[in-house]
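Single-letter residue listing:
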Amino acid sequence: MRRWRWIGLLGVGFALGACRPAPLESESPDWVPQLRVVARGKEYDTVRYVRDGVPLYVEIYRPSNRRAPAVVLLPGGFVGVNTNHRQLARRLAQAGYLVALPHLRGQGKSGGFIDFGLEDATDVRGLAKALPQVGGDGRCAYVGVSLGGAIAYNAARNDSNTRGIACLLSPTDFREQRQLLLHYGRPERAQRWDAWKGGSPEECPECWEARDPLRHVREVHAPILFIQAGEDVLIPVTQACRWREVRQQMGRRVHTVALTNDGKPWRGTLKQRQQCALPFTSWGDLRDDHLVFFPAMPHRTNGAMLEIVEKALSRWFEETPNAR
């Protein structure tokens, strides 16, 4: 039952939207929207902005200090913001960050159609640049959960203001994931993916290429913390290994660490399908790239992973902010 539970989280959606090819050229990277607070609550403010006529909403969680570095927290799946995302947002705000939790287009309160990593990434890039309007100090990092990590790559590429990206259980090969959906007997979910992207890989290869996470990874110059679960049924370990290879080809130093579920050094053996993650190294400076491997974990976050994310954010934001 656990396997199907996590396949459902990755593949389910409430609506197909329109079966139309999405634009393959995103808006200027210099686009910055105007943010407007439309509701204030005890835990978060609701903020609205608009892009190309599409209303977009984001929850803003504020720390106790007036201005703070910002974290854009990108949820996974296609069902919108949930209790777990809000819990993580509150945790990061308590740690001293201004947290933006967007309702991605086609989900939650936002308008438009589910776009699967292209136009939604442009929405998010503009949001990140606009966060000083609501209390950010000009510094920004991304934390992406599952699909949210892939969207973060596209949003942050070639952005010198991004301090780092933490990706938890994030895919790097959508085509392979689609094949796994078919392998597990879920063709209707593969068809949803095709509709959101504008066609199958055979019908519209450019639609898939425009959203290719590894293509975007090559354009990310900020440090990346990549957290991979060894028992993830839809994101094989080999995807993390290919991510590491791409970053090393860029000249990035990648430290690879293996941990038990409670965050202690892994002393066990690896299954054959996990061995591409070898060799393991020691921790490095978190301003370098890190592949953190949890061999016994399924597609689920835990406290040990979140502690590592907080350590990375602290390191990325260590320097004194620009005077304002």
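Every chain's residues receive numbers from 1 upward, in the order its sequence appears when written. Selection of residues for local features in this predicted model requires a pLDDT of at least 70, selection of side-chain atom pairs for listing and counting requires 80 or more, and totals for whole chains, interfaces and linings are taken over all residues. Neither water nor hydrogens contribute to the side-chain values; these are computed over all heavy atoms in the structure.

1. Comments concerning the pattern of salt bridges
The rule for a salt bridge is simple: a side-chain nitrogen of Lys or Arg has to be within 4 Å of a carboxyl oxygen of Asp or Glu. Inspection of every chain in the model, using the stated rule, returns 23 salt bridges. Close ionic contact of R242 with D173 constitutes a salt bridge, the shortest N to O distance being 2.9 Å. Note that R242 is positioned in helix α9 (residues 237-249) and D173 in the loop between β7 (162-168) and α5 (174-183), a separation of 69 residues in sequence. Exposure is judged per residue with a 1.4 Å probe applied to protein chains only, and the accessible area is read against the type maximum: over 50% gives exposed, under 20% gives buried, and values in between give partly exposed. Taking the relative accessible area as the measure of exposure, R242 reaches 27% and is therefore partly exposed. By relative accessible area, D173 is classed as partly exposed at 22%. Where R315 meets D285, a salt bridge forms, and the shortest distance between an N and an O atom there is 2.8 Å. A residue pair is termed long-range when its members are at least 10 positions apart, and R315 in helix α10 (residues 303-316) and D285 in the loop between β9 (254-258) and β10 (289-294) qualify at 30 residues. What makes D285 partly exposed here is its relative accessible area of 28%. Comment: elements are numbered from the N terminus, with helices defined as DSSP H or I runs of at least four residues and strands as E runs of at least two.

2. Quick word on the sheet that holds β9
Note on pairing: two strands pair once DSSP finds at least 2 bridges between them. In spatial order, the strands read β1-β2-β3-β5-β4-β6-β7-β8-β10-β9; together these 10 strands make up an open sheet with mixed pairing. Here the strands that pair on one side only, and so sit at the sheet edges, are β1 (36-40) and β9. Direction aside, neighbouring strands of the sheet carry axes that sit 20° apart on average. Here five bridges tie strand β6 (residues 136-145) to β7, and the two strands are oriented parallel to one another. Within β7, the position partnered with Y142 by the bridge is I165. Working rule for contacts: check all heavy atoms of both residues, and any pair within 4.5 Å makes them a contact. The angle between two axes is taken between their N-to-C directions and runs from 0 to 180 degrees, where each axis is a line fitted to C-alpha atoms and a helix contributes only its stretch in contact. Strands in contact with helix α3 (residues 119-130) are β2 (45-51), β3 (54-61), β4 (68-74), β5 (98-103) and β6; relative to β2, the strand with the most contacts, it is inclined by about 120°. Running over the sheet, helix α4 (residues 147-156) touches β4, β6, β7 and β8 (224-229) and is turned about 140° from β6.

3. Side note on the nonpolar core
If you look at the biggest cluster of nonpolar residues, it comprises 57 residues, and the most contacted ones within it are L131, Y142, Y153, I165 and W243. Of the residues forming this core, the biggest block, seven residues, is contributed by α4. Beyond its immediate chain neighbours, meaning those up to four positions away, I165 contacts Y142, A152, Y153, A156, V220, P223, I224, L225 and W316. In these notes, a set of buried Ala, Val, Leu, Ile, Met, Phe, Trp, Tyr and Cys residues joined through side-chain atoms within 4.5 Å is what counts as a nonpolar core.

4. Here we look at the pairing of β8
The element β8 is largely enclosed, with a buried count of six among its six residues. Burial of the side chains of β8 extends over both faces: I224, F226 and Q228 are buried on one face and L225, I227 and A229 on the other. Taken together, the four bridges between β7 and β8 define a ladder with parallel strand orientation. Residue pairing in the sheet places A166 in a bridge with L225 of β8. Bridging between β8 and β10 involves five bridges; their strand directions are parallel. Along β10, the bridge assignment pairs I227 with V292.

5. What about the pairing of β4?
In terms of burial, β4 is a largely internal element, seven of the seven residues being buried. Strand direction decides the pairing type here: β4 and β6, joined by six bridges, are parallel. Paired with L73 across the bridge in β6 is V143. As paired elements, β4 and β5 share three bridges and run parallel to each other. When the bridges of β5 are listed, V72 appears paired with A100. The definition of a right-handed crossover adopted here requires that, viewed with the strands pointing away, the path from the first strand over the helix to the second runs clockwise. A crossover links β4 with its parallel partner β5, the connecting element being helix α2 (residues 83-94), and its sense is right-handed.

6. A short note on the state of the cysteines
By disulfide we mean two sulfur atoms from cysteines, separated by a distance within 2.5 Å. Per the stated rule, a full pass over the model turns up two disulfides. The disulfide partner of C241 is C276, and the gap between their sulfur atoms is 2.1 Å. Because the torsion about its S-S bond is 80°, the bridge between C241 and C276 counts as right-handed. Of the two residues, C241 sits in helix α9 while C276 sits in the loop between β9 and β10, which places them 35 residues apart along the sequence. The disulfide pattern of the protein is 1-2, 3-4 when the bonded cysteines are numbered in sequence order.

7. Focus: the packing of α2 against α10
Interaxial distance between α2 and α10 falls to 12 Å at its minimum, and their mutual angle equals 40°. With respect to α10, the axis of α2 lies oblique. Crossing of α2 over α10 shows right-handed handedness. On the side of α2, the interface is formed by L88, R91 and L92, while α10 contributes G303, L306, E307, E310 and L313. Partitioned by chemical class, the residues of the contact of α2 with α10 number four nonpolar, one polar and three charged. Any angle that falls under 35 degrees is termed roughly parallel, while one over 145 is termed roughly antiparallel, one within 65 to 115 roughly perpendicular, and all others oblique. Left-handed describes a crossing whose near helix is turned anticlockwise from the far helix by less than a right angle; the clockwise case is right-handed. As a working rule, the residues Ala, Val, Leu, Ile, Met, Phe, Trp, Tyr, Cys and Pro are called nonpolar, Asp, Glu, Lys and Arg charged, and the rest polar, with Gly in that last group.

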